[in-house]
Each structure stands twice: as C-alpha cells, then as structure tokens.
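A structural walkthrough
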Amino acid sequence: MTEASVHEPTEPTRAAASGARVNLFGLDREAMAAFFRSHGESAFRAKQVMQWIYARGVTDFAAMTDLSKKLRDRLPTIAEIRPPTKIREQASADGTRKWLLAVTEDLDPDNAIEAVYIPEPDRATLCISSQIGCALDCSFCATGKQGLNRNLTTAEIIGQVWMSEHDLRAEGRVHGDRALSNIVFMGMGEPLANYRAVVPAIRILLDDYGFGLSKRRVTVSTSGMVPFMDRLREEVDVALAVSLHAPTDALRDELVPINRKYPLAELMGACDRYVAGKERRAHVVYEYVLLAGVNDTPAHAKSLAALLRDRPAKVNLIPFNPFEGSGYERPAEDRIRAFQDTLHGKGVRTTVRRTRGDDIDAACGQLVGRVASRQKRHFRDVPIRVESKRANPA
C-alpha cells in the first residue's frame, strides 16, 4: 500500500469534509447502515436502498417507493448514485468489449480507467481497474509503464461493475440472474496497493443485497504484496491470482520489481497460507506471461514446476500481448505448447489463456488508458506500509 493510501480518508468522511454528497456506490452494507443512522434513519434503509441500486438497477431516489416521501426528497441533498462516464466504447471481433471511463466530473480523458467485458459460453467476466495507472512498473505491462496517478475510490470501483451490468442487461445479455457472472481485479493497477478501497468493494460484490456473487467468482490478482495477501484471506477470502512470471528471484527482480521487497520465498509462503485449511479444491492461480527468449525455455518450465511442487496450484500461461515500445516478443506457438507440456509432465495443472480483445488493446497487459498527471509515481518512488488495524470502510 502506498503511504498516501494508508492515510486517505474514507468516502463518507471525504464527502462530509468537502460538503459534497456521498456516492452510495462507495458504501458496503455496514457503511451504508452507518450513513443512514447518522442521518436519523433506521439501519434497515441500507438493505432497501442496496436492493434498489443492485437488484433493480435504480439510481433515482424518487423511484424508491418503499422509502418515505420525506427521505426520498432528502436523499438527493446528501447522497448520489453516480457511475463513471463512458468516454469511449470499443467492441472486438471476438465479442470482448472495452470501456474507457472518466472518473472525474470534468471527463478528463488523461485520467481515465479501462474496464473489459469478456463473454464466454459458460461465464461472463468483467475485468475491472483499481487504480489510475500503476506504480509497480512490471517491465512487460503497458499500464505499469505509465506510472501511478492515484487510487480509485470504492465508488469508482463498484461504478464500473454497475455500469457494465446495467448496459449489458439493457441489451439482453444476461448470464443466469445477471449479466456478469465473474469479476476479476486484473485491470489497471495493483488491487492490494489500494486495499482500503478494494475490500469494501469486494464486500459489495459478495453481499446478497449487492451483486450476490460467490467468493470463487471474484478474483483478486496481485504482483505479490505479501502482508495484504494475509489480510485479504482473513477479511474477504476471495479467489487469488498471483502474477508470478518468473521461477527465480534473479529473473523476477527484473520483470516484477516488487520481488525485490517480497522475494519468492516470502511470496510462496503467503500463497501457502492463503489456501491452508481450505477445502480440498482450493488453489492459487499463478499467472505467467510468456516472453520470447526471456522466461519461456525448458529450463524455466522445469524451475517453475519445481517451485510449485506439492502446492495446490494452477498455472495460467499468457502469451505476451505486444504493445509499442515494450521490447518483448510473443513466443512461437510450438514453444508455448512445449512449455505447457513440460509443466503437465511434472504434474502441474496448466492452461494457456486464449488472447481476447487484442484488436482493441484489451488483452492482458495492454490496458493503458491515458494518464498525464504530473504526479505519476513508480515502484521505486512509493513506500509500502501496512496499517496495523483492520480496514474500516465507514
């Protein structure tokens, strides 16, 4: 977590200090109940309003007919339900869709985020962002090259999901009871570097009065922020994906700079703790971007298999998706398959991620948006600290 994110005020506190209305997308059920109590209302109003927002997709307080007329008239003066604004929408030939979203009222495209919808026969996944940019500076990632502007608020995170769900349902794109069956924190940013906002967002995703998703349908991807991996298990315990990308410290130091702070021994220990004592099928997904001539040799595959031996693991091989100025290339198909075969031969469950949305720069590692802040930061500039107390969304 960045120094700034540890001490950032919560959304109701920030709104109260500025005299602004509270965006209710930013409040999980506990915080929503506290909000209504603070205004002399019953905590039960939280469940009622959440049902209107998430089950019915309603953002107009006047339409919330089971609230008193007095409360309906008052709510617009103290609260709002405001999703991000679409700047641009792109559709891929394979059905993938990417939204460029403004999270500021002035619709500044230089500080926008991206969310990606990935439809498949058995699921409909939304890949969401947790930061504007990213400070971790992984060498093969377009987002990391732009640096960090700021963390997203819980409202800005949940707003991505609500907007996507609302638009897709309006088009009749429904998967079961909802348009979206899976949410992955794999868009712009390192989710665990914005822990204070991400955890209440996850609670809303899991809440029966929110989006009602199961824990296995929500995945948080991290580059290896070890202390927050331990806290995540204690607080929300959703599916975990780890951006591994190298089987040795020397190579991972080069590709994923946070490894210099939390080397592989610490990272793998945190992964082991995350699944310890869970049901038999519980595992960590290890993401491994294959870079031609860098980390894709038979020796790398054998080292990776040795690292994961006797661990509940699944490897997700991701052939590199090129972007301008990266300096890396995608391996040939036979080399990708050989790497997979080596892992299979060593008993490691392995899949190759099918590239989706690369014609609209929506594939893994290509999300970049446009971030032109003068305060961009990279990993070397950002101290990482852990709060001693539990994150409090209220």
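Residues numbered from 1 in each chain as written. Predicted model: local features only at pLDDT ≥ 70, side-chain atom pairs only at ≥ 80, totals over all residues. Heavy atoms only, no water.

As annotated in an unreviewed UniProt entry, the protein chain carries the name Dual-specificity RNA methyltransferase RlmN and is attributed to Salinisphaera orenii YIM 95161. As recorded by UniProt, the Sequence similarities (unreviewed entry) comment attached to the protein chain reads in full: "Belongs to the radical SAM superfamily. RlmN family." Quoted straight from UniProt, the Subcellular location (unreviewed entry) entry for the protein chain says "Cytoplasm". (UniProt positions renumbered as here; feature names shortened; annotations may be inferred.)

Let's shift gears to the confidence of the model for the protein chain. Looking at the protein chain as a whole, the pLDDT averages 86, with 83% of positions reaching at least 70. For residues 362-367, every residue scores under 50 in pLDDT, and the model assigns this stretch 33 contacts once sequence neighbours within four places are set aside. Note on residues 380-394: pLDDT is under 50 here. Beyond four places in sequence and across chains, it has 44 contacts. (pLDDT = per-residue confidence, 0-100. Contact = heavy atoms within 4.5 Å.)

What follows covers the packing of helix α12 (residues 298-308) against helix α13 (residues 333-345). Running from N to C, α12 and α13 cross one another at 35°; their axes reach a closest spacing of 9 Å. In the packing of α12 onto α13, the handedness of the crossing is right-handed. Contacts between α12 and α13 involve His-300, Ala-301, Lys-302, Leu-304 and Ala-305 on the former and, on the latter, Phe-339, Thr-342 and Leu-343. A breakdown of the residues in the contact of α12 with α13 according to their chemical character gives 5 nonpolar, 2 polar and 1 charged. (Axes fitted to C-alpha atoms, helices over the stretch in contact; angles between N-to-C directions. Helix = DSSP H or I, 4+ residues; strand = E, 2+ residues; numbered from the N terminus. Left-handed = near helix turned anticlockwise from the far one by under 90°. Nonpolar A, V, L, I, M, F, W, Y, C, P; charged D, E, K, R; others polar.)

With respect to the secondary-structure elements, Glu-324 resides in the loop between β13 (313-319) and α13. Each C-alpha atom of the pair Glu-324 and Ala-142 lies 8.6 Å from the other, and the pair is 182 residues apart in sequence.

Here the focus is the side chain of Glu-156. As for its position among the elements, Glu-156 is in helix α7 (residues 154-170). For Glu-156, a relative accessible area of 13% puts it in the buried group. Polar side-chain contacts of Glu-156 include one of 3.0 Å to the side chain of Arg-150. The residues contacting Glu-156, other than those within four sequence positions of it, are Val-103, Arg-150 and Asn-151. (Buried < 20%, exposed > 50% of the residue type's maximum accessible area, 1.4 Å probe, protein only. Polar contact = N/O pair within 3.5 Å; in protein donor to acceptor, adjacent residues only side chain to side chain.)

To continue, consider the sheet that holds strand β4 (residues 97-102). Read from one edge of the open sheet, 10 strands run β3-β4-β5-β6-β9-β10-β11-β12-β13-β14, paired in mixed fashion. Each edge of the open sheet is held by one strand with a lone partner, namely β3 (85-91) and β14 (349-352). The mean inter-strand angle of the sheet, taken between neighbouring strand axes irrespective of direction, is 20°. Where strand β10 (residues 218-222) lies against strand β11 (residues 239-243), 4 bridges are found, and the strand directions are parallel. Pairing of Ser-221 across the sheet is with Ala-241, part of β11. (Pairing = 2+ DSSP bridges.)

We now examine the nonpolar core. With 113 residues, the main nonpolar core has Leu-24, Ile-53, Phe-140, Phe-185 and Leu-232 as its most contacted residues. The leading source of residues in this core is helix α8 (residues 195-206), at 9 residues. When we break this core down by domain, the ones giving at least three residues each are domain 1 (22-80) and domain 2 (85-377). (Core = buried A, V, L, I, M, F, W, Y, C linked by side-chain atoms within 4.5 Å. Domains from an automatic or database assignment.)

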